[in-house]
Amino acid sequence: MILRSATKTDVPAIAQIIGDWCASTPYIPPLHTPDEDRNFVANLVATQDVLVAENTGDVHGFIAREDKEIGQLYLMPSARGQSTGTALLNKMKARTDLLKLWCFQANTGARRFYERNGFVAARFTDGAGNEERLPDIRYVWSVA
């Protein structure tokens, strides 16, 4: 597995990973078209620190960070449980002393993952502030 900065050529693969996750996650309402996903990802790649995990020439996952905020961390199903997410997260941890992110309360797998990787739940919400209107959790990780 190779971790590298995302480029414009990675946009379709990254958008597909997001779209597939949303489509296969029963509690996520359908909010965006594939074109909207691609436009969203193109903006991420152009404006944020985005890393991809590449294996045998294919993007298997990615992470996006703006300043101290991780806004995206998604993996292909086949990359889950293979340390791909941990590798991406550790690469971002090495670049800063503080990281924050939001996670849906219903996403128990992601919650276990973040907590195993040192993130602490700082706040629980009813979801009124997110696009999906789903209860979420504010997680924080810091060096100290």
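Everything below is about the structure shown above.
Since the model is a prediction, treat every value here as computed from it, not as a measurement.

How each quantity is defined
Residues numbered from 1 in each chain as written. Predicted model: local features only at pLDDT ≥ 70, side-chain atom pairs only at ≥ 80, totals over all residues. Heavy atoms only, no water. Helix = DSSP H or I, 4+ residues; strand = E, 2+ residues; numbered from the N terminus. Polar contact = N/O pair within 3.5 Å; in protein donor to acceptor, adjacent residues only side chain to side chain. Contact = heavy atoms within 4.5 Å. Phe/Tyr/Trp six-rings, centres within 6.5 Å; stacked < 30°, edge-to-face > 60°. Buried < 20%, exposed > 50% of the residue type's maximum accessible area, 1.4 Å probe, protein only. Pairing = 2+ DSSP bridges.

(A) Representation of the side chain of E54 in the model. Relative to the helices and strands, E54 is located in strand 2 (residues 49-55). Within the structure, E54 has its side chain in polar contact with the side chain of R4 (distance 2.7 Å). Residue contacts for E54: discarding those within four places in its chain leaves M1, I2, R4 and V59.

(B) Summary view of the environment of D67. Position of D67 relative to the elements: it lies in the loop between strand 3 (58-66) and strand 4 (69-75). Each C-alpha atom of the pair D67 and L99 lies 8.5 Å from the other, and the pair is 32 residues apart in sequence.

(C) Molecular detail of the packing of aromatic side chains. Here the structure, examined in full by the defined rule, presents 6 aromatic pairs. Judged by centre distance (5.3 Å) and plane angle (65°), the rings of W21 and Y74 are edge-to-face. Of this pair, W21 sits in helix 1 (residues 11-24) while Y74 sits in strand 4; the two residues are 53 residues apart in sequence, bridging distant segments of the chain. As far as the burial class goes, W21 and Y74 line up, both buried.

(D) Structural view of the pairing of strand 2. Extensive coverage of strand 2 is indicated by the burial of 6 of its 7 residues. Across 7 bridges, the pairing between strand 2 and strand 3 is antiparallel. Bridge pairing links A53 to G61 in strand 3. The loop that links strand 2 with its antiparallel partner strand 3 comprises 2 residues; one of these, T56, has a positive phi angle of about 50°.

(E) Spotlight on unusual backbone geometry. Of note in this structure, T56 is not a glycine but carries a positive phi near 50°. When you line up the elements, T56 lands in the loop between strand 2 and strand 3. By relative accessible area, which is 73% here, T56 ends up exposed. Phi is positive for D67, which is not a glycine, with a value near 60°. For D67, a relative accessible area of 58% gives the class exposed.

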